[in-house]
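# Architecture at a glance
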Amino acid sequence: MRKLLGILIFCLLMVLPVPRGQAAMISQKQEVEMGQQVARQLENQYGLVQDDEIQDRVDRIGKKLLQNGTRPDLAYSFKVLNTPDVNALACPGGFIYVYKGLLDYMTSDDELAAVLGHEIGHIEKRHTVHQMEQQMALSLLTLLAGVASGDPGAGMVLASTASQALMAGYSRKDEREADQEGFRLSTLAGYNPYGSYVTMAKLEDMSKDLGNPGYGLFASHPEPEVRMAKALKWTEPLKIPERVTVEQDGAAVVSLGSWSFSLTETAGYDKPEYRARLMAGALYLAWKRGNLDESHLMTIDGDRWSDIYYEDIRVLRVYPQDNQVTGDTGELALQIAGRLQEWAKIARQQPAPKGTQTAIPAARKKGSSHDKH
């Protein structure tokens with residue numbers, strides 16, 4: 001018993017918290033092993049969605065974001081859990097899960113990219129690992145007390161360390177870092193620069209309606225207004241030509257010079273402002289490609305809506321409620337595409353877009369005055 005206690009005390013000293021700038025106490029190999037354990041638990045609990053198209057979509061977006069990631073030595077995986085819950089989780093070691101319910105509310109790849117980018121940010125910054133290191137110190141203290149008292153179940157304390165850290169949630173600093181990294185990754189990958197803001201806003205709306213499960217995307221959801229304001233601030237250096245104006249009645253207007261388009265209807269959690277932001281961001285992405293050609297605008301009809309695209313960029317999803325007369329989305333989408341041809345003529349007169357850099361650097365040096373919290 002004395003020998004065992006000596007070993008445990010040594011382990012305790014090895015895992016006591018140290019400043020993040022120093023060497024990690026949990027190696028990458030250990031991080032991956034713990035992540036694998038949590039991943040197995042999640043898949044056993046919920047199962048995976050048996051739909052290749054859904055799984056491929058999430059995997060495709062995730063891998064596109066990783067092109068500008070900071071931990072290329074990790075073998076990331078992106079999977080969809082078969083549950084209607086609205087959530088997403090980043091397990092240590094690169095195991096990222098989206099709950100199927102989230103896909104029903106995040107209607108565009110841009111929003112999903114913002115979610116996945118945020119979760120990648122947690123892994124890149126090793127946020128869960130740092131939580132695990134702190135939890136391990138507490139667990140070992142409990143374990144020592146249990147062993148000393150002869151408790152036969154004390155050995156089980158360490159078994160759930162990774163899960164406990166994941167459920168504990170992140171600090172405000174961690175969430176801000178993940179937000180920032182998610183914006184950087186998604187914007188560099190060519191996704192809508194307003195995706196991060198819209199995602200945060202919709203999650204805040206959902207948390208009020210659906211409740212807070214206590215982990216994942218809703219872990220603590222600190223200061224949502226501050227985080228959303230920062231997401232909008234990050235888009236400013238991009239100098240997006242299209243303006244978005246939100247009226248007192250909730251309607252939102254996208255405008256460029258003498259051209260404007262108004263959105264008045266809400267579809268699910270897609271409020272007029274969110275739809276207008278994504279529309280403005282999509283038009284910016286189309287303009288940034290240069291050589292605007294209004295003939296590249298197209299409409300694609302679905303079962304419950306119609307989408308308007310510029311080449312492969314989705315500009316707007318048209319819902320039945322947008323057409324108060326007949327509810328025909330295809331007819332209205334064609335009309336809106338005609339309005340967008342007018343936009344293209346004005347947009348061509350704008351100065352040529354400069355470069356493709358985003359507003360967020362890959363990393364900030366300690367003590368930087370940029371974006372202080």
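This structure is a prediction, so every number in the text was calculated from the model and none was measured. (Residues numbered from 1 in each chain as written. Predicted model: local features only at pLDDT ≥ 70, side-chain atom pairs only at ≥ 80, totals over all residues. Heavy atoms only, no water.)

## Observations concerning the overall build of the protein chain
Per the secondary structure count, the protein chain includes 12 helices and nine strands. Classification of the 373 residues of the protein chain by burial places 53% in the buried group. Taking contacts inside the protein chain between residues at least 6 apart in sequence as the whole, the part at least 24 apart equals 69%. Accessible surface computed for the protein chain: about 18,000 Å², of which carbon and sulfur atoms make up 52%. (Helix = DSSP H or I, 4+ residues; strand = E, 2+ residues; numbered from the N terminus. Buried < 20%, exposed > 50% of the residue type's maximum accessible area, 1.4 Å probe, protein only. Contact = heavy atoms within 4.5 Å. Areas by Shrake-Rupley, 256 points an atom, 1.4 Å probe, with all protein chains shown as cover.)

## Some remarks on the nonpolar core
Soluble, globular proteins show a tendency: their nonpolar side chains are buried together. By size, the foremost hydrophobic cluster in this structure holds 45 residues, and its most contacted members are Trp 259, Met 279, Leu 340 and Trp 343. Contributing elements (two or more residues each) for this core: α9 (195-210), α10 (224-235), β5 (252-256), β6 (259-263), α11 (272-288), β8 (306-310), β9 (313-318) and α12 (329-347). Sort the elements by how many residues they give to this core and α11 lands first, with 11 residues. Grouped together as the second largest cluster of nonpolar side chains are 28 residues, Ala 88, Ile 96, Leu 116 and Leu 203 included. (Core = buried A, V, L, I, M, F, W, Y, C linked by side-chain atoms within 4.5 Å.)

## Re the sheet that holds β8
If you trace the three strands from one edge of the open sheet to the other, you get β7-β8-β9, paired in antiparallel fashion. Strands at the two margins of the open sheet, each flanked by one partner only, are β7 (297-301) and β9. The average angle at which neighbouring strand axes cross in this sheet is 25 degrees, direction not considered. (Pairing = 2+ DSSP bridges. Axes fitted to C-alpha atoms, helices over the stretch in contact; angles between N-to-C directions.)

## Some points on the pairing of β7
In regular strands, side chains alternate between the two faces of the sheet. Here β7 runs beside β8; their pairing, made up of five bridges, is antiparallel. Residue pairing for β8: Ile 300 is matched across the bridge by Asp 307.

## Observations concerning the pattern of salt bridges
Using the criterion set out here, one finds 22 salt bridges in the structure. Where Glu 31 meets Arg 71, a salt bridge forms, and the shortest distance between an N and an O atom there is 3.0 Å. Here Glu 31 is found in helix α2 (residues 28-46), whereas its partner Arg 71 is found in the loop between α3 (52-65) and β1 (77-81), with 40 residues between them in sequence. The residue Glu 294 makes a salt bridge to Arg 348 at a minimum N-O spacing of 2.5 Å. Taken as a pair, Glu 294 in the loop between α11 and β7 and Arg 348 in the segment after α12 lie far apart in primary sequence, 54 residues in all. We classify Arg 348 as partly exposed; its relative accessible area is 40%. Here the salt bridges do not stand alone but share partners, grouping Glu 31, Arg 71 and Arg 126 into one network. (Salt bridge = Lys/Arg side-chain N within 4 Å of Asp/Glu carboxyl O.)

## A word on α11
An ideal rise of 1.5 Å per residue puts 24 Å on 17 residues; α11 measures up with 24 Å between its terminal C-alpha atoms. Buried residues dominate α11, accounting for 16 of its 17 residues. Following α11 by one or two positions, Gly 290 adopts a phi angle in the positive range, close to 80 degrees. (Expected span 1.5 Å × (residues − 1).)

## Let's talk about the packing of aromatic side chains
Taken as a whole, this structure holds six aromatic pairs when the rule is applied. Pairing Tyr 76 with Phe 78 gives two aromatic rings, centres 6.1 Å apart and planes at 10 degrees, and the pair type is stacked. Here Trp 305 and Tyr 319 contribute two aromatic rings whose centre-to-centre distance is 6.2 Å and whose plane-to-plane angle is 75 degrees, an arrangement assigned as edge-to-face. Taken together, the residues span a long stretch of sequence, with Trp 305 in the loop between β7 and β8 and Tyr 319 in the loop between β9 and α12 at a distance of 14 residues. In this structure Trp 305 comes out as partly exposed when scored by relative accessible area, which is 22%. Using a relative accessible area of 9% as the deciding quantity, one classes Tyr 319 as buried. In this arrangement the basic side chain of Lys 64 is found over the ring face of Tyr 191, its NZ or CZ atom lying 4.8 Å from the centre. The aromatic ring of Tyr 197 is capped on one face by Arg 277, whose charged end is 5.5 Å from the ring centroid. (Phe/Tyr/Trp six-rings, centres within 6.5 Å; stacked < 30°, edge-to-face > 60°. Lys NZ or Arg CZ within 6 Å of the ring centre and 35° of its normal.)

## What about the packing of helix α5 (residues 109-124) against α9?
Packing of α5 against α9 leaves a shortest axis separation of 8 Å and a crossing angle of 80 degrees. Compared by their axis directions, α5 and α9 come out roughly perpendicular. Across the interface between the two elements, Asp 110, Glu 111, Ala 114 and Val 115 from α5 touch Gly 195, Ser 196, Val 198, Thr 199 and Lys 202 from α9. (Parallel < 35°, antiparallel > 145°, perpendicular 65-115°, else oblique.)

## Here's the deal with the sheet that holds strand β4 (residues 243-246)
The three strands are arranged β4-β5-β6 in an open sheet whose pairing can be described as antiparallel. The outermost strands of the open sheet, each flanked by one partner alone, are β4 and β6. Strand after strand, the sheet turns through a mean of 20 degrees between neighbouring axes, direction not considered. The sheet contact formed by β5 and β6 spans five bridges and is antiparallel. Bridging across to β6, Val 254 finds its partner in Phe 261. Lying over the sheet, α12 contacts β5 and β6, oriented at roughly 145 degrees with respect to β6.

## Thoughts on unusual backbone geometry
You will see that Lys 239, though not glycine, has its phi angle at about 55 degrees, which is positive. Take Lys 239: it is sitting in the loop between α10 and β4. Located in the positive-phi region is Glu 311, a residue other than glycine, with phi close to 55 degrees. In this structure, Glu 311 sits in the loop between β8 and β9.

## Examining the side chain of His 118
Mapped onto the elements, His 118 comes out in helix α5. Taking the relative accessible area as the measure of exposure, His 118 reaches 9% and is therefore buried. Sequence-distant contacts of His 118, that is, excluding residues within four places in its chain, are made with Glu 175, Ala 178, Asp 179, Gly 182 and Arg 227.

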